[in-house]
Amino acid sequence: MLIALLPGDGIGPEVVAEAVRVLERVAPDLGYEQAPVGGAAYKATGHPLPPETLALAKRADAILFGAVGDPACDALERHLRPEQAILGLRKELGLFANLRPAKLFPELADASALRPEIARSIDMVIVRELTGDVYFGQPRGRRTTDGGRREGFDTMRYDEDEVARIATIAFETARGRKRRLCSVDKANVLETSQLWRDVVIEVGARYPDVALEHMYVDNAAMQLVRAPGHFDVIVTGNLFGDILSDQASMCAGSIGMLPSAALGAGGPGLYEPIHGSAPDIAGQGKANPLATILSAAMLLRHSLDRATEADRIEAAVAAALAGGARSADLGGNHSTREIGDRVLAALP
């Protein structure tokens, strides 16, 4: 089994290195090959997603991704910016479904922005569509109006097949949990969302055992703060999912704690922490590697069908936290390497 390592920029190489240490312990038979991506790739090759990197991603069994983003690249044309690498991988690999579990470890209740008694109820999965919506809709661009004013425009769009396939993933995910699904949209304002809602209802007819509810995105944002325990599985579009999943991460204690999986109909899945490249702390050993380590557990479970090894990693993370392992974002002073050491020591 080949794992493509795409560490990327900023703290990406640091957190990926710790996840690989854990993977090597629980699955010593795996092989690894590394390639540049994002700002690091642009500086080396002139493009954030070089052909060689894409080729590696396509032939791998799974991809472990760090983070992209480099302030030194902010002035580049948009298609050359580091962030285009992850968008390109999603498109080229057909990674349309993003699974983002958000669960509060009991030891981190005090780290949540919510009151502990509310935060303890957080245990959900956000299923986010990844390859449509305003991020990929056409036409888009900038122009000068007849009145001589600058104008920017993007297109929010989904077709029924795109909605149906992500809805199917969401219903299947809900069926494996508490059989409750909340579809988030803005159907009172947007035609795109009305189609979304209509198709989700149609797909839901095939899942009579799953309770389906609909919620406008502004209300969903409020309920994530007021009563996060209400949610089990949330399904939503690319833009709304981007925002709500980051909000859920802070409700669960820290953006440095949440893993994610990007899956498609076939081919390798891509696994990454949801945090960014954090260039302000890169190279200082302050980054929290737990989201990446938990992403490695998701890689084992979803792409390699190794649930036992995934369970071992998740149990070790919980044990390390119970033992007092805390990086700076969690109010502690353990280094990135020390957090990795704690997880390794706790592996059952």
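A brief report on the enclosed structure follows. (Residues numbered from 1 in each chain as written. Predicted model: local features only at pLDDT ≥ 70, side-chain atom pairs only at ≥ 80, totals over all residues. Heavy atoms only, no water.)

Right, let's talk about helix 8 (residues 217–226) for a bit. Where helix 8 is concerned, the buried positions are Val 217, Ala 220, Gln 223 and Leu 224. All buried residues of helix 8 fall inside an arc of 115° around its axis, so they share one side. Opposite the buried face of helix 8, at more than 90 degrees from it, the exposed residues are Met 222 and Arg 226. If you follow the buried residues of helix 8, they end up packed against strand 5 (123–129), strand 8 (180–185), strand 9 (211–216), strand 10 (233–236) and helix 9 (238–251). (Buried < 20%, exposed > 50% of the residue type's maximum accessible area, 1.4 Å probe, protein only. Helix = DSSP H or I, 4+ residues; strand = E, 2+ residues; numbered from the N terminus. Arc of directions from axis to C-beta. Contact = heavy atoms within 4.5 Å.)

Evaluation of the coordinates by the stated rule reveals one cavity of 30 Å³ or more. Of the volumes computed, that of the largest cavity is approximately 70 Å³. What lines the largest cavity is simply Asp 133, Met 156, Tyr 158, Val 184, Asp 185, Thr 192, Ser 193, Trp 196, Gly 237 and Phe 240. Those elements that place two or more of their residues in the lining of the largest cavity are strand 8 and helix 7 (191–204). A per-element tally of the lining of the largest cavity places helix 7 first, with three residues. Considering only residue class, the lining of the largest cavity consists of five nonpolar, three polar and two charged. (1 Å grid on protein atoms, 1.4 Å probe; cavity = no way out; pocket = protein on both sides within 12 Å on 5 of 7 lines; lining within 4 Å. Points joined across faces, edges and corners; volume = space filled by probe spheres on them. Nonpolar A, V, L, I, M, F, W, Y, C, P; charged D, E, K, R; others polar.)

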